[in-house]
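So the chains spell out like this:
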Amino acid sequence: MLGGRVTDVDDERIELELEITDAARQPFGLLHGGVSLLLAETAASTHATWNVDLNEIQPVGIEISGSHLRSATEGRVRAVGRVLRRSRRFIVHDVDIVRDADGELLTKARVTNYYRKVRQDE
């Protein structure tokens, strides 16, 4: 995922970081909005696997929405995902993409994963 990495995780929260490189910028030099949503989905989907038996359940992303509030051109960004709701079948995360240097909120996203039962004949 463009060099991003998980920096912190627990039952209710996950944090990833990503250095803004040319691969993450759009043609005008700004952090690409699609990269912000990729980071948000990666955070939520990775966290959806936390304490889950992946031989029994597979988290599958079914919805993502995001609002880009500010831009960034360099440095590092962090994705901070928090569980909004968890049930037997779904987990919903609120994910903030923030500029690491000053904590400014760049993107606000919401991601829903469906917990799909693994069929034993697969």
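Residues numbered from 1 in each chain as written. Predicted model: local features only at pLDDT ≥ 70, side-chain atom pairs only at ≥ 80, totals over all residues. Heavy atoms only, no water.

## Brief notes about the side chain of Asp 96
In step 1: Its location among the elements puts Asp 96 in strand β5 (residues 90-99).
In step 2: Within the local environment of Asp 96, its side chain forms a polar contact with the side chain of Lys 108, the two groups lying 2.8 Å apart.
In step 3: Discounting chain neighbours no more than four positions away, the residues touching Asp 96 are Arg 78, Ala 79, Val 80, Arg 82, Leu 105, Thr 107 and Lys 108. (Helix = DSSP H or I, 4+ residues; strand = E, 2+ residues; numbered from the N terminus. Polar contact = N/O pair within 3.5 Å; in protein donor to acceptor, adjacent residues only side chain to side chain. Contact = heavy atoms within 4.5 Å.)

## A few points about the packing of aromatic side chains
In step 1: Summed over the entire model, instances satisfying the criterion amount to one aromatic pair.
In step 2: A ring pair is formed by Phe 90 and Tyr 114, whose centres lie 5.5 Å apart and whose planes are at 50°; its orientation type is tilted. With Phe 90 in strand β5 and Tyr 114 in strand β6 (residues 105-117), this pair connects stretches of sequence that are 24 residues apart.
In step 3: Residue Tyr 114 is classed as partly exposed on the basis of its relative accessible area, which comes to 30%. (Phe/Tyr/Trp six-rings, centres within 6.5 Å; stacked < 30°, edge-to-face > 60°. Buried < 20%, exposed > 50% of the residue type's maximum accessible area, 1.4 Å probe, protein only.)

## Overview of the nonpolar core
In step 1: Counting residues in hydrophobic clusters, the biggest one holds 19 residues, and the most contacted among them are Leu 31, Leu 39, Val 77, Ala 79, Val 95 and Ile 97.
In step 2: The biggest single contributor to this core is helix α1 (residues 33-48), with five residues.
In step 3: Non-local contacts of Ile 97, meaning those with residues more than four positions away in its chain, are made with Ser 36, Leu 39, Ala 40, Val 77, Arg 78, Ala 79, Glu 104, Leu 105, Leu 106 and Thr 107.
In step 4: Core analysis: the second largest hydrophobic core is formed by five residues, Ala 48, Ile 57, Val 83 and Tyr 115 among them. (Core = buried A, V, L, I, M, F, W, Y, C linked by side-chain atoms within 4.5 Å.)

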